[in-house]
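# Inside the fold
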Amino acid sequence: MELADPLQTSELVDLPMTGFLVETLALSRASAMGAPELLRAVLKSQPQLSESRSEIEWLVLVRRILERVTMFGRIERKGLDAADRPLEDQWFYIPEYDKELGRAELLTGIMPKKRTVTKRSKQYYFEPVSKISRWDPEDD
């Protein structure tokens, strides 16, 4: 079932949700967040939003905002999680691209610094250690 796009391009600038996303990403301890995790954090801090749309509709809206607004950076992730579902892209706030200079200046002063290395996706794989049948003779 394809949901209608709840976000029209003209609504994008005045949408309060954009501000909530900026606030949540900028003040988060995590360097980047996936859209579902970000939505949960926003709805937890702004519970009145749950009354106007369903969580699925909000998720569609959040993803559209994140994709269309340049002040949100994306970390594209490839691969599958433990449940064989595709990994969710991660998002972070870029104050240099925020058109509201006052907000960007304020948040830059109080937000945790994001290291460049955290703005890239890395897939770690550790090869399993072979089974050890007995201790080394020198340890006896």
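Scoring rules and cut-offs
Residue positions are given per chain, counted from 1 along the sequence in the order it is written. In view of the model being predicted, local features appear only for residues whose pLDDT reaches at least 70, and side-chain atom pairs are presented and counted only at 80 or more, with totals across whole chains, interfaces and linings using the full set of residues. As a convention, hydrogens and water are excluded, and side-chain values are obtained from all of the structure's heavy atoms. Note on conventions: DSSP H or I runs of at least 4 residues are helices, E runs of at least 2 residues are strands, and numbering of each starts at the N terminus. Relative accessibility decides the category of a residue: with a 1.4 Å probe and only protein chains considered, values under 20% of the type maximum give buried, values over 50% give exposed, and everything between is partly exposed. Any pair of nitrogen or oxygen atoms within 3.5 Å is treated as a polar contact; in protein, a donor-acceptor pairing is required on top of that, and neighbouring residues in sequence qualify only through side-chain atoms on both sides. Here, residues are in contact when the closest pair of their heavy atoms is within 4.5 Å. A carboxyl oxygen of Asp or Glu within 4 Å of a side-chain nitrogen of Lys or Arg is what we treat as a salt bridge. To define axes, lines are fitted to C-alpha atoms, for helices over the stretch in contact only, and angles between the resulting N-to-C directions are given on a 0 to 180 degree scale. Put simply, angles under 35 degrees are roughly parallel, angles over 145 are roughly antiparallel, angles from 65 to 115 are roughly perpendicular, and the rest are oblique. Each Phe, Tyr or Trp ring (for Trp, its six-membered ring) is paired with any other whose centre lies within 6.5 Å, and the angle between the two planes then decides the class: stacked below 30 degrees, edge-to-face above 60, tilted in between. Geometrically, a lysine NZ or arginine CZ counts as sitting over a ring once it is within 6 Å of the ring centre and also within 35 degrees of the ring normal.

### What about the side chain of Asp-98?
Inspection of the secondary structure assignment puts Asp-98 in the loop between strand E3 (90-93) and helix H4 (101-110). Taking the relative accessible area as the measure of exposure, Asp-98 reaches 3% and is therefore buried. A polar atom in the side chain of Asp-98 sits 2.6 Å from the side chain of Tyr-93. In this structure the side chain of Asp-98 is engaged in a polar contact, spanning 3.0 Å, whose partner is the backbone nitrogen of Glu-100. Leaving out residues up to four positions away in the same chain, Asp-98 has contacts with Val-22, Met-71, Tyr-93, Arg-103 and Ala-104.

### Concerning the pattern of salt bridges
According to the stated counting rule, one finds 6 salt bridges in the structure shown. Put simply, Asp-81 and Arg-85 hold a salt bridge, and the shortest N to O gap is 3.3 Å. Given the relative accessible area of 25%, Asp-81 is considered partly exposed. Overall, the relative accessible area of 52% leaves Arg-85 in the exposed class. Its salt-bridge partner being Glu-100, residue Arg-103 comes within 3.9 Å of it at the nearest N-O pair. Ionic contacts of the salt-bridge type, sharing partners, join the residues Glu-67, Arg-74 and Asp-89 into one network.

### Observations concerning the packing of helix H1 (residues 16-27) against helix H2 (residues 35-45)
Axis separation between H1 and H2 bottoms out at 10 Å; the angle between their running directions is 105°. For the element pair H1 / H2, the angle class is roughly perpendicular. On H2, the residues that touch Met-17, Phe-20, Leu-21, Thr-24 and Leu-25 of H1 are Leu-38, Leu-39, Ala-41 and Val-42.

### Focus: the packing of aromatic side chains
For any pair of aromatic rings, the description consists of the separation of the ring centres together with the inter-plane angle of the planes. Scanning all chains against the criterion turns up 0 aromatic pairs. The positively charged end of Arg-53 is found above the aromatic ring belonging to Trp-58, 5.1 Å away from the centroid.

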